[in-house]
Amino acid sequence: MVPARAKLNLDLKVIARRPDGFHDLYTTFQAVDLHDLVEIQPADHTEFQSEGFEIDQQDNSLLRAHRAVEEAAKTTLPVKIRVHKRIPPGSGMGGASSDAAVTLRSLQTMFKLKIDAEAIAEQLGSDVPFFLLGGRARAEGRGERLVPLESGPTWFAIAWPGIELTTKAVYEAWDEVKGEGPNELRRSAEHVEPRLKQFGESLGPGWQMTGSGSAFFKPLPTEQEAHDAIARLECWTTVATGMPRWA
């Protein structure tokens, strides 16, 4: 099985809505060691299995990545795909995009394909190109224009309220309410889901929403301090550390 790492947005500024309906942004991605596990094996016909957090069994990022690779390679690539979902869905931590990137790279390696992985990644989603690289990176455009950054050891306390948000709905809300602060999507996420405002305020100072929500994180200098930060929270929590580049 291959780990599909999560990410946090250490900052996020939305520039403007683009003519194609997407949004230009300016953000810092940080990969963390929280991860899904993806297993892909050759098979007589393609099948999909999942465990952990529930995902659509017929239309998900792994199967979409598989179809995109088949289209680029102009051949069928029958495989058995199995994923153990550990990254909460709709949390803004990029689980679906990371799964897609791992599927793309695994198929490319397994079948020795001569394909443009970066171009396929952009087609699959704005965050997917980052997950081909990992580490820390400054991202612009839709998130596909990346500049690698140095990152030291950092610990993060992470809390998720069990609320799933769709990226599309949050960005559409940004068009209406705009935003401010270290993550300019927080106001629009709270507009889509009012319970998120109360959750964020209940965490106390130093917590920040990641991506389009709904998870929050707090950077801390030590693992123990990160564990202390989540000790009394009554929601899904974890402690994660920053990951270096893997490509």
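Report on the accompanying structure.

Here is what the cut-offs are and how they apply
- Residues numbered from 1 in each chain as written.
- Predicted model: local features only at pLDDT ≥ 70, side-chain atom pairs only at ≥ 80, totals over all residues.
- Heavy atoms only, no water.
- 1 Å grid on protein atoms, 1.4 Å probe; cavity = no way out; pocket = protein on both sides within 12 Å on 5 of 7 lines; lining within 4 Å.
- Points joined across faces, edges and corners; volume = space filled by probe spheres on them.
- Helix = DSSP H or I, 4+ residues; strand = E, 2+ residues; numbered from the N terminus.
- Nonpolar A, V, L, I, M, F, W, Y, C, P; charged D, E, K, R; others polar.
- Pairing = 2+ DSSP bridges.
- Contact = heavy atoms within 4.5 Å.
- Axes fitted to C-alpha atoms, helices over the stretch in contact; angles between N-to-C directions.

**Some points on the layout of surface pockets**
- Estimates place the volume of the largest pocket at around 1,300 Å³.
- For the lining of the largest pocket, the elements supplying multiple residues, two or more each, are strand S1 (2-17), strand S2 (23-42), helix H1 (61-73), helix H2 (95-110) and helix H5 (167-177).
- The element best represented in the lining of the largest pocket is H2, accounting for 5 residues.
- Per-class residue counts for the lining of the largest pocket are 16 nonpolar, 19 polar and 14 charged.
- Roughly 200 Å³ of internal volume is contained in the second largest pocket.
- Secondary-structure elements contributing two or more residues to the lining of the second largest pocket are S1 and H2.
- A breakdown of the residues in the lining of the second largest pocket according to their chemical character gives 9 nonpolar, 2 polar and 2 charged.

**A closer look at the sheet that holds strand S10 (residues 236-241)**
- Taken together, 4 strands build an open sheet; the order of strands is S8-S9-S7-S10 and the sheet is antiparallel. The open sheet has two edge strands, strand S8 (208-209) and S10, and neither has a second partner.
- One ladder, built from 5 bridges, connects strand S7 (residues 155-160) with strand S9 (residues 216-220); its direction is antiparallel. When the sheet's bridge partners are listed, Ala159 is paired in S9 with Phe216.
- Most of the contacts of helix H7 (residues 195-203) go to S9, to which it runs at about 20°, and overall it touches S7, S8 and S9.

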